[in-house]
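One-letter residues, chain by chain:
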Amino acid sequence: MSSIMREWQLEQDRRLMKFKTYEDYLDSLVADQDELYLRGAEARILAELGYRTTGDTLTRGQFHKRVRAATASLYPSRSQYQEDNDGVLITDPLLRELAGRERANRAGLLATIVHLQMMTSLGYEVSGYIDFADRLSREDWVPYFQGRRILEPNRSDLAFYHWRIDQGRFKSTPNFKVVPDPRRGLLFKHRKDRLRVCVDPSAPSPGPSTTRTRVSSPLYANCVIYDHVVRQRC
């Protein structure tokens, strides 16, 4: 099976995760007219035999096998992705939040953008938007999680602004393309599923498949996390 077909199959199998049991899966195939004339068990038998679906009805074994595969694809084991926060006692609230997202970002299932506004050690106010997965791939995060190094936005991030000299810059990353919009402000388009993340704090929503979480940390004047669940494309 090609990689494209495997991705498509996993995307289909992830839809099975909403069913708690095989019986729930069969119930989803039962037609309304069957419920009028047949008891629940009888209607399920028709569904299991394949009379109520245009495709192949999964057997009990196939159902559980595909659910396990879909679950493993969404929640990979620690052995697959080495995490920099392993065994580290994290005290800063922001770093605790990011540690919980590290594995999913390394696996490409989640794309997290971190907005920070802070004073540097030199007394300058800076702000920016950080592509968490990109920084994970380029840096050793153990010093961050241990508190020996402070996470700061810089000129290699998605967006960076230096308030003292009134200068800013944008830079696309391997995960996001910067898209300035005259009406909605700054947008970040994910390169894989092409969905856009809106970081306008006044917007009612940051966009499809994206959530916004404000974090309070003594190290930052403002800190917001945008979590984009990456949709798998064929």
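First things first, this report covers the structure right here in the doc. All chains use their own residue numbering, which begins from 1 and follows the written sequence. Side-chain atom pairs in this predicted model are given and counted only at pLDDT of 80 or more, local residue features only at pLDDT of at least 70, and totals for whole chains, interfaces and linings cover all residues. The side-chain numbers reported here are obtained from all heavy atoms of the structure, hydrogens and water having been left aside.

### Overview of the side chain of arginine 101
Then step 1. Runs of E in the DSSP output that reach at least two residues are strands. Runs of H or I that reach at least four are helices, and both are numbered from the N terminus. Among the structural elements, arginine 101 can be located in helix H6 (residues 93-107).
Then step 2. Ignoring sequence-local partners within four residues, the contact set of arginine 101 consists of Leu110, Thr112, Phe132, Thr213, Ile225 and Asp227. It only takes one pair of heavy atoms within 4.5 Å for two residues to be counted as in contact.

### Let's talk about the sheet that holds strand E5 (residues 176-181)
In a beta sheet, neighbouring strands are held together by backbone hydrogen bonds and run either parallel or antiparallel to one another.
Then step 1. Here the rule is simple: two strands pair whenever DSSP picks up at least two bridges between them. One open sheet holds the three strands; their spatial order is E5-E6-E7, and the pairing between them is antiparallel. On the outer flanks of this sheet lie E5 and strand E7 (196-198), each paired with one strand and no other. Taken pair by pair, the neighbouring strands of this sheet meet at an average axis angle of 30 degrees, ignoring direction.
Then step 2. As paired strands, E5 and strand E6 (residues 185-190) are joined by six bridges and run antiparallel to one another. When the bridges of E6 are listed, aspartate 181 appears paired with glycine 185. What counts as an axis is a line fitted to C-alpha atoms, over the stretch in contact for a helix, and the angles between N-to-C directions run from 0 to 180 degrees.

### Some words on the sheet that holds strand E1 (residues 110-119)
Then step 1. Taken together, the six strands give an open sheet; going across it, the order is E4-E3-E2-E1-E9-E8, and neighbouring strands pair in antiparallel fashion. The sheet terminates laterally at strand E4 (167-170) and strand E8 (210-214), the two strands that pair on one side only. Pairs of neighbouring strands in the sheet enclose a mean axial angle of 10 degrees, with direction left out of account.
Then step 2. For E1 and strand E9 (residues 222-229), the ladder comprises eight bridges, and the chain directions are antiparallel. Along E9, the bridge assignment pairs glutamine 117 with asparagine 222.

### Focus on a positive patch on the surface
Then step 1. A residue counts toward a patch only above 30% relative accessible area and without a salt bridge, and it is joined to like-charged neighbours within 9 Å or, for Val, Leu, Ile, Met, Phe, Trp and Tyr, to nonpolar neighbours within 5 Å. Residue-level accessible areas treat just the shown protein chains as cover; the underlying method is Shrake-Rupley with a 1.4 Å probe. Any Lys or Arg side-chain nitrogen found within 4 Å of a carboxyl oxygen on Asp or Glu counts as a salt bridge. Neither His nor the chain ends contribute to the count of charged residues, in which Lys and Arg are positive and Asp and Glu negative. To locate a charge, take NZ of a lysine, CZ of an arginine, CG of an aspartate or CD of a glutamate. Together, Lys177, Arg183, Arg184, Arg191 and Arg196 line one region of the surface with positive charge.
Then step 2. Among the secondary structure elements, arginine 191 is positioned in the loop between E6 and E7.
Then step 3. Using a 1.4 Å probe on the protein chains alone, a residue whose accessible area is under 20% of its type maximum counts as buried, one over 50% counts as exposed, and one in between counts as partly exposed. You can call arginine 191 partly exposed: its relative accessible area is 44%.

### Focus on the pattern of salt bridges
Then step 1. All chains considered together, the criterion is met by seven salt bridges.
Then step 2. Residue arginine 101 pairs with glutamate 97 through a salt bridge whose shortest N-O separation is 2.7 Å. One end of the pair is arginine 101 and the other is glutamate 97, both in helix H6 and four residues apart, which spans about a single turn.
Then step 3. Where glutamate 102 meets arginine 106, a salt bridge forms, and the shortest distance between an N and an O atom there is 2.9 Å. Of the two residues, glutamate 102 and arginine 106 are both situated in helix H6; the distance of four residues between them amounts to about one turn of the helix.
Then step 4. On the basis of relative accessible area, arginine 106 is assigned to the partly exposed category, the value being 27%.
Then step 5. Via salt bridges that share partners, Arg135, Glu139, Arg149 and Asp157 belong to a single interconnected network.

### Section: the packing of aromatic side chains
Then step 1. Classification of ring pairs rests on two measures: the distance between centres of Phe, Tyr or Trp rings, Trp counted by its six-membered ring, which must be within 6.5 Å, and the angle between planes, read as stacked under 30 degrees, edge-to-face over 60 and tilted in between. In this structure the tally under the stated criterion is six aromatic pairs.
Then step 2. With a centroid separation of 5.6 Å and 55 degrees between ring planes, the pair formed by tyrosine 129 and phenylalanine 188 is classed as tilted. Separated by 59 residues along the polypeptide, tyrosine 129 in strand E2 (residues 125-131) and phenylalanine 188 in strand E6 bring together distant segments of the chain.
Then step 3. On the basis of an interplanar angle of 45 degrees and a centroid distance of 5.8 Å, the ring pair of tryptophan 141 and phenylalanine 145 is categorised as tilted.
Then step 4. One aromatic cluster is present, formed by Phe132, Trp141, Tyr144 and Phe145 through successive ring pairs.
Then step 5. Both a distance and an angle decide whether a charge sits over a ring: NZ of Lys or CZ of Arg must be within 6 Å of the ring centre and within 35 degrees of the ring normal. Against the face of tyrosine 124 rests arginine 164, its NZ or CZ located 4.5 Å from the ring centre.

### Describing the environment of phenylalanine 170
Then step 1. Position of phenylalanine 170 among the secondary structure elements: in strand E4.
Then step 2. For phenylalanine 170, the residues in contact, after removing those within four places along its chain, are Leu158, Ala159, Val178 and Leu186.

### What to know about the pairing of strand E3 (residues 159-162)
Then step 1. Where E2 lies against E3, four bridges are found, and the strand directions are antiparallel. Bridged to tyrosine 129 within E3 is alanine 159.
Then step 2. Counting the residues that bridge the hairpin from E3 to E4 gives four residues, and of these aspartate 166 lies at a positive phi of roughly 55 degrees.

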